[in-house]
Each structure stands twice: as structure tokens, then as C-alpha cells.
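Listed below, chain by chain, are the residues.
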Amino acid sequence: KYLASKGVVSRRGDGKFYPNDVMTREEFVKLIVMAFDAYDAGAENTFADVAADRWSAQYIASAARLGLVTGNEIGEFNPDGSITREDMAVIMYRVYGISGLNSQAAALDFTDADNISGYAQEAVGVLLGAQIINGMGDGTFAPKSAVTRAQASKVVYELLMLIGGEN
């Protein structure tokens, strides 16, 4: 409700939020750009698979300009792909760093901790230590699982509250 009141999240065409729907990479980037007031009309898109007229192009370009997203080894962003929990953690960790926050990484005591990619381990640990992110309730982190709209909103909300609450 807080994020909706700030215009950060919105309902779908039928007026419902659909908290359990999977979030795409472009939807997540729009969410963080809006939440952390990072929209940059002058940012230029550098991803080969993001057309200039795509609805999310300027949000993606804004996030890339800040170093929040980098794309893959062949210069693609994969905007339609679902965002994984570990990739969400990496992006949120970058936002966390830009916000000037610092925290000790918590131990990755998840039963599936070995499945967290090396590039995401520090991000997951720090966000866990800062109580921004948590596991799935069954002792797992589910790093390769797709993020739901509710999960993404919760993580963004927690970081917003940690840095002062306003976007």
C-alpha cells in the first residue's frame, strides 16, 4: 500500500495488484527506478535487445547509467525475462551501496546456499544482514526462482524504510 501511494507500484489493467505474478526484469527495473527516484531522461540505452521505443527503455537506461544493471556477456538485458531472486539481490545491493549504507554480511545459512551464484553471494549476505531480504520460510533462499510482485515490493519497501522512507 505504501509503494502504491507513492506511485511506485501500480495495479494491472483490471485494477488488481496480482502479488503472486512473476515480475519481469524490466518491471523490476521500473520499480527500483521509481522507488529510488533514479529516472534520468537523458540516459542512453546501450542494450542490443532494448528498442528505443520500448515502454521500459528509459527506465533500463536510467538504471544502467547508475550501474544498477549491466546486462549479459553479449550486451543484452533480456527485458521480458523473469528476474531471479539472486539477480534481484544483486541489483538491490547496488542500490544499497549507492544509498551510502553499510552492513556486515550475514551467514548464508539456507539449505540451498550452495545454489547461490558466486556473483550474488555477497549481495544476498549483506541484504540478509540488513534485514532487507529473507528466505522462503522453508529454510531455502531459492536463488534461481522467479521473483513475485509481492517479493519485489517487500524488498524495495524494506530498503526505502531503511534509508528514510521517501522516494
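Now for a description of the structure that goes with this document. Owing to the predicted nature of the structure, the values given are computational and were not obtained by experimental measurement.

This part is about the packing of helix H2 (residues 25-35) against helix H4 (residues 85-98). For any two helices packed against each other, one specifies the crossing angle of their axes together with the interaxial distance. Interhelical geometry of H2 versus H4 gives an angle of 20 degrees and a closest axis separation of 12 Å. Viewed along their axes, H2 and H4 adopt a mutual orientation that is roughly parallel. The chirality of how H2 crosses H4 is right-handed. Counting all contacts with H2, which are made through Arg25, Phe28 and Ile32, the residues of H4 involved are Asp87, Met88, Ile91, Met92 and Val95. Taken together, the residues of the contact of H2 with H4 sort by class into six nonpolar, no polar and two charged.

The biggest cluster of nonpolar side chains holds 48 residues, and the ones touching the most others in it are Phe28, Ile32, Phe36, Met88, Met92 and Val156. Residue contributions to this core peak at seven residues, all from H4. Once you skip the residues sitting within four places of it in the chain, valine 156 turns out to touch Leu3, Phe28, Leu31, Ile32, Ala35, Phe36 and Met92.

Below, the discussion takes up unusual backbone geometry. Phi is positive for aspartate 37, close to 50 degrees, though the residue is something other than glycine. Secondary-structure assignment places aspartate 37 in the loop between H2 and helix H3 (57-65). By relative accessible area, aspartate 37 is classed as exposed at 62%. Despite not being glycine, alanine 142 shows a phi value in the positive range, around 60 degrees.

Definitions and cut-offs
Residues numbered from 1 in each chain as written. Predicted model: local features only at pLDDT ≥ 70, side-chain atom pairs only at ≥ 80, totals over all residues. Heavy atoms only, no water. Axes fitted to C-alpha atoms, helices over the stretch in contact; angles between N-to-C directions. Helix = DSSP H or I, 4+ residues; strand = E, 2+ residues; numbered from the N terminus. Parallel < 35°, antiparallel > 145°, perpendicular 65-115°, else oblique. Left-handed = near helix turned anticlockwise from the far one by under 90°. Contact = heavy atoms within 4.5 Å. Nonpolar A, V, L, I, M, F, W, Y, C, P; charged D, E, K, R; others polar. Core = buried A, V, L, I, M, F, W, Y, C linked by side-chain atoms within 4.5 Å. Buried < 20%, exposed > 50% of the residue type's maximum accessible area, 1.4 Å probe, protein only.

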